[in-house]
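# Architecture at a glance
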Amino acid sequence: MGLTLRILFSVVMIMGGCALAQPPLSRAAPAPSVHETEQAKSATPQPASPQPSEGEFFNANGTKASLSDVLALAKSSDYILIGETHNVTCDHIVQAKLIAALAESDIRFTVGMEMFSLDKQPQLDAVNAGIISQAEFPEKVDWKNAWGFPYPLYEPIIEKIYAHKIEIYALNFPFEIARKIGDVGVEDLTPEERQYLPENPIPAMKEQEEELAKIHDHHVELMTKDKKNPKAAEVAKKSLAHYRKRFFLIQSMWDTGMAEQAVAIRKKTNIPMVILSGTGHVEHGWGIAYRLSKLDPEAKVLLIVPWRDTKPLVAEKGHVQFYCPLTKQSRLGFTLRMESDGATILKLEDSSVAYKAGFHVGDKIIKVGGMDVDSMMTLHRAGVKAAKEGTDMVFTIIRGGKEESISMPVPEHAHSS
């Protein structure tokens, strides 16, 4: 599998926290009526504030919910899925807050994390046994190689897990196996590699498969549209399209594998599990919840997902949504918050390329490379395009109410997979 396809798999799986544009919660996913009943009783009949506070909770119908409301739903659940975008600090703070609140409510539960593959479970067992201290945790579990996002983002969660002595479990299979499946298929995996895969991968629901197809085809288009030779572009498209079935297979294995592990652990411990994973695996009951409905059909599942300020709250993405503005720490040297009309710079690193280019905290980026900044992916696409063409990235910003232009060279590796 070439670099471009590796980028594709990275975007959807490792960056799988990205929220997908999906239809309402599928009936095939377990959404117990007790949740709806308790939700209706506890919901405060007032619309969501146009400027909610970070970490504020909302019911599926858009009414505000208190932390107590959320805990009431969680107490009757067997699996509590909390979605995240992996590089958004606010998401992890809310996850940590929920874990602490559950523990302080005398609810016994385990925590399953997408961030760890099954080969890391021996280290996590040592954590559970109290052998590895919190200070030793990042090094002993090999966080740097286990997960591609900085440990400080997840430290609030780990702190609460240690503080309340909650057992932690790995849920997925090693990402390198996913890469190998993309390269050569399942047939060439070794027996040692196969042991980590789910026994019976459950195919995606029709709606999810349609959305995955859109994502796949969109990225194929992005990867080939700048090729100057039309014939070469067509060959590249056919080559990438060849991997479509493997792409779907890996997605099914990823979600089925996490669901299988969660079911096995719940049966072993006989207590509920909080599952932390990318939002794309949680929203609408697709992904993990759909597989849980097949593997543990009597279980009650609670879906908790983030809501961003880029769009109005959409009902039924989950039973509960929490507000966290979309922020991203870019390798270009600034931290951005995605808003409805662009991306605002919240923080600027000294001596970074962005600092040297003349950006200021408070600048709002509205265009880059001639494209409207309507998502963080726009900056990535513009960076890749500029790197291919050997040109600078050209930004249009709003500063002090006036529109300005800033040109910046693309740093090496800033837009790699």
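Below or above, wherever it landed, is the structure these notes cover. These figures come from a predicted structure and were not determined experimentally.

With that settled, consider the sheet that holds strand β6 (residues 273-278). A sheet is described by the order of its strands in space; here eight strands give the open sequence β2-β1-β8-β7-β3-β6-β4-β5, paired in mixed fashion. The two strands at the open ends of the sheet, each matched to only one other strand, are β2 (64-65) and β5 (168-172). Bridging between strand β1 (residues 57-59) and β2 involves two bridges; their strand directions are antiparallel. Across the sheet, F57 pairs through a bridge with A65, a residue of β2. Together, β3 (79-84), β4 (110-117), β5 and β6 form the strand contacts of helix α8 (residues 151-163), whose direction differs from that of β4 by roughly 140°. Across the sheet, helix α13 (residues 244-269) is in contact with β3, β4, β5 and β6; its angle to β5 comes to roughly 150°.

This paragraph deals with the nonpolar core. Within the largest apolar cluster, 72 residues are counted, with the highest numbers of intra-cluster contacts made by F116, F137, F334 and F359. Looking at this core element by element, the count peaks at eight residues for helix α4 (residues 89-104). Shared between two domains, this core takes at least three residues from each, and those domains are domain 1 (56-323) and domain 2 (326-409). Of all hydrophobic cores here, the second largest spans 30 residues; its members include W254, I275, A289 and L292.

Here G185 shows up in the loop between α9 (175-184) and α10 (191-194). A residue is classified by how much of its surface remains accessible, and G185, at 5% relative accessible area, is buried. Excluding anything up to four places from it in sequence, G185 contacts K180 and R246.

In this section: the pairing of strand β14 (residues 393-399). As judged from the four bridges shared by strand β12 (residues 364-368) and β14, these two strands associate in the antiparallel manner. Counterpart to K367 in the pairing with β14 is T396. Sheet topology places β14 next to strand β15 (residues 402-408); seven bridges connect them, and they run antiparallel. Counterpart to V394 in the pairing with β15 is S407. In textbook terms, the turn of a hairpin is the stretch between consecutive antiparallel strands, and for β14 and β15 this stretch comprises two residues, one of which, G400, has a positive phi near 60°.

Moving on to the packing of helix α3 (residues 67-75) against α4. Interaxial distance between α3 and α4 falls to 11 Å at its minimum, and their mutual angle equals 65°. Relative to α4, α3 is oriented roughly perpendicular. In this structure, the crossing between α3 and α4 has a hand that is right-handed. Across the interface between the two elements, L67, V70, L71 and A74 from α3 touch K97, L98, A101 and L102 from α4. Counted by class, the contact of α3 with α4 contains seven nonpolar, no polar and one charged residues.

A few words now on empty space enclosed by the protein. Sizing a probe to match a water molecule and rolling it over the atoms shows the empty space that remains. Overall, the coordinates contain one cavity of 30 Å³ or more when judged by the stated rule. Of the voids in this model, the largest cavity is the one considered here, and its volume is about 30 Å³. Contributing to the lining of the largest cavity are V70, L71, A74, I80, I82, L98, L102 and I304. Where the lining of the largest cavity is concerned, the elements lending two or more residues are α3, β3 and α4. The element contributing the most residues to the lining of the largest cavity is α3, with three residues. Residue composition of the lining of the largest cavity, by class: eight nonpolar, no polar and no charged.

The bond known as a disulfide is covalent and runs between the sulfur atoms of two cysteines. Applying the stated rule across the entire model yields one disulfide. Disulfide pairing places C90 opposite C324 at an S-S distance of 2.0 Å. Here the S-S torsion is close to -70°, and the disulfide linking C90 with C324 is therefore left-handed. Of this pair, C90 sits in helix α4 while C324 sits in the loop between β8 (320-323) and β9 (326-329), and the two are 234 residues apart along the sequence. C324 carries the same exposure label as C90, and that label is buried.

As a further point, take the side chain of T335. In this fold, T335 is placed in strand β10 (residues 334-339). When neighbours within four sequence positions are excluded, T335 is seen to be in contact with K328, Q329, T344, I345, L346 and K347.

Let us look at the pattern of salt bridges. Using the criterion set out here, one finds 14 salt bridges in the structure. Put simply, R179 and E176 hold a salt bridge, and the shortest N to O gap is 3.3 Å. Pair noted here: R179 and E176 are both in helix α9, with a separation of three residues, about one helical turn. When the shortest N-O distance is used, the salt bridge between K367 and D372 registers 2.5 Å. Residues participating in the shared-partner salt-bridge network are D78, R266 and D296.

Procedures and definitions
Residues numbered from 1 in each chain as written. Predicted model: local features only at pLDDT ≥ 70, side-chain atom pairs only at ≥ 80, totals over all residues. Heavy atoms only, no water. Pairing = 2+ DSSP bridges. Helix = DSSP H or I, 4+ residues; strand = E, 2+ residues; numbered from the N terminus. Contact = heavy atoms within 4.5 Å. Axes fitted to C-alpha atoms, helices over the stretch in contact; angles between N-to-C directions. Core = buried A, V, L, I, M, F, W, Y, C linked by side-chain atoms within 4.5 Å. Buried < 20%, exposed > 50% of the residue type's maximum accessible area, 1.4 Å probe, protein only. Domains from an automatic or database assignment. Parallel < 35°, antiparallel > 145°, perpendicular 65-115°, else oblique. Left-handed = near helix turned anticlockwise from the far one by under 90°. Nonpolar A, V, L, I, M, F, W, Y, C, P; charged D, E, K, R; others polar. 1 Å grid on protein atoms, 1.4 Å probe; cavity = no way out; pocket = protein on both sides within 12 Å on 5 of 7 lines; lining within 4 Å. Points joined across faces, edges and corners; volume = space filled by probe spheres on them. Disulfide = S-S within 2.5 Å. Salt bridge = Lys/Arg side-chain N within 4 Å of Asp/Glu carboxyl O.

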